[in-house]
Amino acid sequence: MADTTLMDKLVSLCKRRGFVFQSSEIYGGLGSVWDYGPLGVELKKNVKDRWWYAMVRARDDIEGLDAAILMHPRVWEASGHIAGFTDPLVDCRHCKNRFRADDPRIKGTPGQPDAQCPVCGSRGTLTEPRMFNLMFKTFMGPVEDQAAVVYLRPETAQGIYVNYLNVLQSSRQRIPFGIAQIGKAFRNEITPGNFIFRTREFEQMEMQFFVKPGTDAEWFERWREWRMQWHQSLGLTTAKLQWHQHGPDELAHYARAAFDIQYEFPFGWQEIEGIHNRGDFDLGRHQEFSGKKLEHFDQAANERYLPYIVETSAGADRVALTLLADAYREEQVEGETRVVLGLHPAVAPIKAGVFPLVKKDGMPELATALYHDLKRRFPAFYDDSGAIGRRYRRMDEAGTPFGITVDGETAAQRTVTVRHRDSMQQERVGVDHVAGFVAERIGRD
Ligand code: GAP
């Protein structure tokens with residue numbers, strides 16, 4: 001059963017605490033486009049940094065890339081997106097709403113007199129399905145004509161394929177090797193929704209691993225394992241992660257095999273990352289459409305071949321939503337509801353809140369100095385307003401793992417209390433050791 005209440009609570013917390021806002025809210029919002037506020041941008045950045053670290057920095061066989069969003073329009077012919085990146089849509093002639101033809105709420109067959117519109121309930125008003133391309137179009141240069149059409153990329157992967165030889169040659173890598181990229185992608189989704197789960201503008205974290213044909217199945221299995229481990233390392237509930245294998249009718253046009261990593265959201269099990277064995281489809285098509293040879297010459301084996309590609313493709317926004325949904329909990333504490341985001345310290349947007357117990361006796365001065373010291377090393381937040389319990393609660397909602405309070409003993413003993421978000425236990429730590437204490441606990445793993 002979908003838990004819509006939990007999603008509503010999450011959306012409201014995200015706005016209240018500055019994680020995510022509706023785009024152009026003062027104009028009534030823009031459908032399925034969202035902005036990340038001060039805490040959201042840190043959370044998503046932490047996700048991307050961890051991905052980049054695991055994929056590029058910690059390995060010798062993967063290089064980074066940042067390709068442009070706009071690409072030559074022929075790229076999208078070669079990739080199959082112009083012909084195949086489409087959804088069948090139907091319109092209701094009565095209420096003017098538009099639906100995917102396979103929308104489960106539609107009763108009957110669209111285009112037939114018995115078909116019923118799921119919104120206004122009219123019968124016989126749904127059109128025959130028509131194919132609708134999900135790519136956003138725009139124009140390059142001053143003339144808005146067909147010749148000037150370019151697309152906002154619907155995936156980052158193509159920027160990697162067209163640069164594969166540039167990267168291979170300039171980095172002096174050898175196959176097997178990979179190229180990783182994080183960047184925006186755009187899809188004019190017909191049924192977007194569930195907050196930042198499916199949006200029209202989003203960020204992908206994609207890696208394409210180029211291998212010798214025949215070794216692809218083995219690399220595919222390795223990558224499956226490594227990617228699942230990465231999601232687990234974010235502190236997600238293991239029982240809420242599962243594999244979904246694509247059956248023959250689900251496989252994308254380019255894929256020889258595909259598995260999704262799914263998470264059990266309040267609205268059901270859904271994909272957060274896809275791992276695909278793309279064979280030589282992409283390089284073969286770009287070779288054909290560009291007329292440029294993209295084969296690799298393997299000197300050791302004295303062989304020439306078009307590498308196969310194993311792709312790992314995750315959405316940064318989806319991973320951020322997964323973390324938020326997994327972390328949200330409500331507890332009863334002394335007759336009050338405590339809302340906590342139990343985020344893994346490594347991804348929490350703020351690592352420590354710093355509080356003077358009262359606004360006198362030199363405590364604000366000591367707390368401010370400590371705050372500035374901590375802020376140089378990691379995101380910290382200073383709060384001196386309201387009762388200390390309220391300040392802790394605000395930090396609990398923001399997912400801040402440590403609350404540091406300067407109190408009456410601080411000046412004389414050079415110690416502060418450190419309160420742990422999850423257990424609410426407190427311990428005394430030397431002022432000079434607080435930065436190290438927190439830093440040690442927000443490490444990478
Ligand atoms: N290059 C392969 C590719 O793009 P995909 O399954 O269409 O594959 C990969 O997308 C990932 O990108 C998904 O698992 C999801 O995390 C993210 N994603 C795709 N469409 C999205 C959307 N409309 N909003 C947010 N994230 C999206």
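Preceding block: the structure.
Residues numbered from 1 in each chain as written. Predicted model: local features only at pLDDT ≥ 70, side-chain atom pairs only at ≥ 80, totals over all residues. Heavy atoms only, no water.

Colleague: Help me understand the packing of helix α2 (residues 38-57) against helix α9 (residues 316-327), please; the structure alone is not making it clear to me.
Modeller: Running from N to C, α2 and α9 cross one another at 115 degrees; their axes reach a closest spacing of 9 Å. Classified by the angle their axes make, α2 and α9 are roughly perpendicular. As for how α2 packs across α9, the hand of that crossing is right-handed. Note on element contacts: α9 touches α2 through Ala316, Asp317, Val319, Ala320, Leu323 and Leu324, opposite Leu43, Lys44, Val47 and Lys48. Residues belonging to the contact of α2 with α9 are distributed by class as follows: 7 nonpolar, no polar and 3 charged. (Axes fitted to C-alpha atoms, helices over the stretch in contact; angles between N-to-C directions. Helix = DSSP H or I, 4+ residues; strand = E, 2+ residues; numbered from the N terminus. Parallel < 35°, antiparallel > 145°, perpendicular 65-115°, else oblique. Left-handed = near helix turned anticlockwise from the far one by under 90°. Contact = heavy atoms within 4.5 Å. Nonpolar A, V, L, I, M, F, W, Y, C, P; charged D, E, K, R; others polar.)

Colleague: Please clarify how the sheet that holds strand β19 (residues 352-356) should be interpreted in this entry.
Modeller: The strands making up a sheet associate through backbone hydrogen bonding, with each pair oriented either parallel or antiparallel. With respect to topology, 5 strands assemble into an open sheet ordered β20-β19-β21-β22-β23, the strand pairing being mixed. Of all the strands in the sheet, just β20 (380-382) and β23 (426-430) have a single pairing partner and so form its edges. Neighbour to neighbour, the strand axes of the sheet diverge by 25 degrees on average, direction disregarded. In the sheet, β19 pairs with strand β21 (residues 402-406) via 5 bridges, with the strands oriented parallel. (Pairing = 2+ DSSP bridges.)

Colleague: What's the story with the site of the ligand in this structure? I'm lost.
Modeller: Glu155, Glu189, Glu206, Glu271 and Glu311 are the nearest of the 22 residues found near the ligand. Interatomic distance of 2.8 Å between a side-chain N/O atom of Arg187 and an oxygen atom of the ligand. Within the side chain of Glu271, an N or O atom sits 2.6 Å from an oxygen atom of the ligand. If the ligand stood free it would expose 550 Å²; the protein chains cover 92% of that surface. Elements supplying a minimum of two residues to the shell around the ligand: β10 (201-211), β13 (268-279) and β16 (308-315). No other element matches β13, which puts 6 residues into the shell around the ligand. (Near = heavy atom within 4 Å. Polar contact = N/O pair within 3.5 Å; in protein donor to acceptor, adjacent residues only side chain to side chain. Areas by Shrake-Rupley, 256 points an atom, 1.4 Å probe, with all protein chains shown as cover.)

Colleague: Quick question: what am I supposed to make of the pairing of strand β22 (residues 415-420) here?
Modeller: Among the 6 residues in β22, 6 count as buried, and that is most of the element. Burial along β22 is two-sided: Thr415, Thr417 and Arg419 facing one way and Val416, Val418 and His420 facing the other are all buried. Bridge count for β21 against β22 is 4 bridges, and the pairing is antiparallel. Residue pairing across strands places Phe402 opposite His420, the latter belonging to β22. Bridge count for β22 against β23 is 5 bridges, and the pairing is antiparallel. Each bridged residue has a counterpart across the sheet, and for Val418 the counterpart in β23 is Glu427. Counting the residues that bridge the hairpin from β22 to β23 gives 5 residues, and of these Met424 lies at a positive phi of roughly 65 degrees. (Buried < 20%, exposed > 50% of the residue type's maximum accessible area, 1.4 Å probe, protein only.)

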